[in-house]
Structures are given as structure tokens and as C-alpha cells.
Amino acid sequence: MAIQTVKQTVFSVGAKHWDRRLFDELIPLPDGTTYNSYLVEGSEKTALIDSVDPDTLNDLFENLTDHGVSKIDYIIANHAEQDHSGGIPAVLAKYPESKVVTNEKCKNMLIDLLDIPENKFLIIEDQEILNLGDKTLQFFLTPWVHWPETMLTYLKEDKILFSCDFLGSHFVSSELFVKDEVKVYESAKRYYAEIMMPFRKKIRGYLAKLNDIEIDMIAPSHGQIYDKPELILNAYNDWTSDNVKNEVVIPYVSMHGSTKQIVEYLTNALIQRNITVKPFNLTVTDIGELAIKLVDAATIVIGSPTVLGGPHPSIVSAAYLANVLRPKARFASVVGSYGWGGKMVEKIAGMLGNLKVEILSTVMVKGSPKEIDFKALDKLADEILKKHENLNLKKE
Ligand code: FEO
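What you are looking at is a predicted structure, and each value in this text was computed from that prediction instead of being measured.

### Regarding the packing of aromatic side chains
Piece 1. Counted by the stated rule, this structure contains 9 aromatic pairs.
Piece 2. Taken together, a centroid distance of 6.5 Å and an interplanar angle of 55 degrees make the contact between Phe140 and Tyr154 tilted. Taken together, the residues span a long stretch of sequence, with Phe140 in strand β13 (residues 136–141) and Tyr154 in strand β14 (residues 151–155) at a distance of 14 residues. Assigned by exposure class, Phe140 and Tyr154 land together as buried.
Piece 3. Ring centres of Trp144 and Phe199 lie 5.9 Å apart, and the angle between their planes is 25 degrees; on these two criteria the pair is classed as stacked. Separated by 55 residues along the polypeptide, Trp144 in the loop between β13 and β14 and Phe199 in the loop between α5 (181–196) and α6 (200–210) bring together distant segments of the chain.
Piece 4. Residue classification places Trp144 among the partly exposed positions, given a relative accessible area of 37%.
Piece 5. In textbook terms, an aromatic cluster arises when at least three aromatic residues are bridged by ring pairs, as seen for Phe166, Tyr185, Tyr192, Tyr236 and Trp239.

Below is the structure:
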């Protein structure tokens, strides 16, 4: 790991976790991740913006030592989650004169999580300024991106926004700045879908507030730095808008082939109607891919066989996830099969309480699908088409 220069007196000193493949024991990380920590050297004071995951503390300390850092005056904690804050106790031990600069809520969480002594904190309010000599940091409290204590730090003279998780991506590269915009867009969309989507409306408000400051660079604490901030700001404006697209997502599981047949038939019926459709066999699906598709889709169709009177447990897990991620889909349906009975549709519908969706016709098939069932699936495809036409949706 080597120190990288963001701009004269601003350095990236964090860690690259090339081979991490799972976050929160839940989220796949196909491209690894980074825990970015930034050193800002003012003429009088030095600040470290966020620390690193404790597993990668050696990288941080190696970088600080290589750079000859003998004193850190302020450790800015934008977020209490341990992938950014977990290294703070060790940094405090090495640089005992440091103060942890954060908001009141974050302070309390850092005390709870990391047992940092109360007298180590310097508490700031929204929009407060911290002087480093010839550099000025300003703090913007942005609760719920994605915890209640989250905040952003803005370096006024260099117009750099240190956004921590917000606007970030789980992506690791030797290059400090975004180069492959297509790849980073996809990674950032995955990150938004998995972490930020439940807070879409709050985020929209924060994006509007960011219009009030001039931003030349966005330096998140995961992924690369955006030296063309419009890439990520435009993307977030699109993802957080109320607009949905002419897309259907079909998460499904099939045990003996009936539900697979149903899903395949419906998929083709939707393709014939010029609707973008993505079926996800949950037994082989990276849930991040499913989350990405939930960002824009107008309609979600869940496909499941009946197991002990209800949906397959993998479907329960996916429905739970979709419900907590709160995608902006407008319509939902359930298709699937049963042997002798059950209440699958009611049970799945009951799991989607957070979604503001209109439930369309459902198609439940006894045994394997027959002519009458295929007709019902055609009817469902027609209904979806009509709903999408009424919304005047664009195809991706
Ligand atoms: Fe990257 Fe919410 O921590």
C-alpha cells in the first residue's frame, strides 16, 4: 500500500482490501473494497478524515509513517460504522494529542461501539467550520446515509467533498481517480442499491443541498475519487428520482421445474411486448445483481413453488430484502405452483408492506402449467404492458 496524492497537501492514506468478498456477512463484493482515509495538512493543523477497518490498520500506519506524520490534531469521524471508525482507538493511541471531531450522535455511538473516552471528542454542529490554518473544513450533518449519525466533510479551499459511504462504491483499483466510468457507475449503483436505496427520499434532499456548494472532487471512503463529480451526482439524481423504467424483475425459485416453466413463459411474453425483463434464479443469484435491478424496475414479479403451505424459504429471504430496500417499483405480482393448496400469494403480499405497489393479477398453477395457465400468463403480461404504457415509461 502506498500513499497517493489527491491534491497538494491532501493525501489518500487508507487501505485497499483487494480480496474481501463479503460485507456485513451479506453483501457480495465482486471487486473488493477500500477503506479510504484522507490526510489534510493545513499550515497549522493536520486532520485525518475517517480511519480504516481494524483489519487493515497496518496499511494506514505504514502510510502515515512513510509520510513522516508525527502529529495528527484532528480525526474526523464522518460515520461510526467500524469499517471507518474501527481504527480510531489505535490512531488515538499512536497520536494521543488528537481529538475526534464529530457530531453528538456519532460521539455517543463511538463511545458505545469503541469505548472511546468522552474527553477525546470535539463536537461540531451542522455547517460548523474547523480551521487548519490555510485550510478550512466544514461539516454537513446528513443523518441516514445510511446511519443516523452520518455527516459529510467539505474542504473549502480545494472544493473537495469527503462523503464517507455516501456516493461511494465497493470497488478497488490501483488508480486513485475514476477512469473506467462504466465500471464505476455499475459498482456505485450496486452500492446505492444495497446500502442507500432505503433512504432515497432523504438522499434527494441532501443532493439538493449540495447544489449550494462548489464541488471539484468527491472523495468517498469506499472506492475511487470522482474528479468529475457530475458522474455520480447525475447518477444519484436519476436513481433517487421517482421515475421508474419499463422493466420487470422476476426473482424466482423452482424445485421440480413448474415455476421455472412459468417464469420462462412470462419472461418471453414480456420480451415480445418490448418490456425489459430480468429473471433471477435465486439459487444462483448474487443478491447485489438483484438489488441493482430493483433500483429502476416498474414491476416486480415473484415466482415460487409452494413449500409447506407458503413460499420457498429463499423467496422469503428475497422478499424480506426487497421490502427493506424499499425500491420504487409501482406494481407487483406473484406467480408459482402448488401441489394441493396453501396461502402463498397472501403470505408474499404480506411481506411487501413497505412497498407502495399495486398488486396485479397473480397466476398460481396446480402441478405443471397447462394451456389455461399460459393464457393467464399472457394476460398478466398484457396487464403489465398496459400499466407501463400508462406511466409512459422509457425502455433502458
Ligand atoms: Fe462503509 Fe456504513 O460503512
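### Topic: helix α12 (residues 371–390)
Piece 1. The terminal C-alpha atoms of α12, which comprises 20 residues, lie 29 Å apart, in line with the 28 Å expected from a rise of 1.5 Å per residue.
Piece 2. Residues Asp373, Phe374, Leu377, Leu380, Ala381, Ile384 and His388 constitute the buried set of α12. Projection of α12 onto a plane perpendicular to its axis shows the buried side chains occupying an angular sector of 110 degrees, all on one side. Facing away from the buried surface of α12 by more than 90 degrees, the exposed residues are Glu371, Ile372, Lys375, Lys379, Lys386, Glu389 and Asn390.
Piece 3. Looking at the packing, one finds that the buried side of α12 touches β17 (245–252), α8 (258–272), β19 (297–307), β21 (331–338) and β23 (363–366).

### Considering the pairing of strand β15 (residues 160–164)
Regular strands place their side chains on alternate faces of the sheet.
Piece 1. Summarising burial for β15: 5 of the 5 residues are buried, a large majority.
Piece 2. In β15, alternate side chains face the same way, and those of Ile160, Phe162 and Cys164 on one face and Leu161 and Ser163 on the other are all buried.
Piece 3. As defined by bridge partners, β14 adjoins β15 across 3 bridges and the pair is classed as antiparallel. Paired with Tyr154 across the strands is Leu161, a residue of β15.
Piece 4. Here β14 hands over to β15 after 4 residues, with Lys159 in that stretch at a positive phi of 55 degrees.
Piece 5. Two strands pair when backbone bridges link them, and β15 and strand β16 (residues 217–220) are joined in this way by 4 bridges, in the parallel orientation. Following the sheet pairing, Leu161 is matched in β16 by Ile218.

### Here we look at the pattern of salt bridges
Piece 1. In total, this model carries 20 salt bridges according to the counting rule given.
Piece 2. For Lys189, the salt bridge identified is with Asp296, shortest N-O distance 2.6 Å. Taken together, the residues Lys189 in helix α5 and Asp296 in the loop between α9 (287–294) and β19 connect sequence positions 107 residues apart.
Piece 3. Among the residues examined, Asp296 registers a relative accessible area of 2% and is labelled buried.

### Remarks on the state of the cysteines
Piece 1. For the structure shown, the criterion picks out 0 disulfides.
Piece 2. Here Cys164 is not disulfide-linked; the sulfur of Cys106 is the nearest cysteine sulfur, at 9.0 Å.
Piece 3. Accessibility expressed as a relative area gives 2% for Cys164, which makes it buried.

### Observations concerning the domain arrangement of the protein chain
Piece 1. The domain architecture assigned to the protein chain consists of domain 1 (4–239) and domain 2 (245–388).
Piece 2. The C-alpha centroid of domain 2 is placed 38 Å from the C-alpha centroid of domain 1.
Piece 3. Each partner contributes residues to the interface: domain 1 has 13 residues there, and domain 2 has 15 residues.
Piece 4. Interface of domain 1 and domain 2: buried area, both sides summed, is about 1,300 Å²; carbon and sulfur atoms make up 62% of it.

### A word on the packing of α6 against helix α7 (residues 230–240)
Piece 1. Taken N-terminus to C-terminus, the directions of α6 and α7 make an angle of 145 degrees; their axes are 9 Å apart at the nearest point. Between α6 and α7 the crossing geometry is left-handed. Of the residues in α7, those touching α6 at Arg200, Ile203, Arg204, Leu207 and Leu210 are Leu233, Tyr236, Asn237, Trp239 and Thr240.
Piece 2. Here the contact of α6 with α7 is built from residues that sort into 6 nonpolar, 2 polar and 2 charged.

### Quick look at unusual backbone geometry
Piece 1. With an omega dihedral of 15 degrees, the bond running from Val145 to His146 counts as a cis peptide bond.
Piece 2. Note that His146 resides in the loop between β13 and β14.
Piece 3. For Arg326, which is not a glycine, the phi torsion comes out positive at approximately 50 degrees.

Definitions and cut-offs
- Residues numbered from 1 in each chain as written.
- Predicted model: local features only at pLDDT ≥ 70, side-chain atom pairs only at ≥ 80, totals over all residues.
- Heavy atoms only, no water.
- Phe/Tyr/Trp six-rings, centres within 6.5 Å; stacked < 30°, edge-to-face > 60°.
- Helix = DSSP H or I, 4+ residues; strand = E, 2+ residues; numbered from the N terminus.
- Buried < 20%, exposed > 50% of the residue type's maximum accessible area, 1.4 Å probe, protein only.
- Expected span 1.5 Å × (residues − 1).
- Arc of directions from axis to C-beta.
- Contact = heavy atoms within 4.5 Å.
- Pairing = 2+ DSSP bridges.
- Salt bridge = Lys/Arg side-chain N within 4 Å of Asp/Glu carboxyl O.
- Disulfide = S-S within 2.5 Å.
- Domains from an automatic or database assignment.
- Buried area = accessible area lost by both parts, 1.4 Å probe.
- Axes fitted to C-alpha atoms, helices over the stretch in contact; angles between N-to-C directions.
- Left-handed = near helix turned anticlockwise from the far one by under 90°.
- Nonpolar A, V, L, I, M, F, W, Y, C, P; charged D, E, K, R; others polar.

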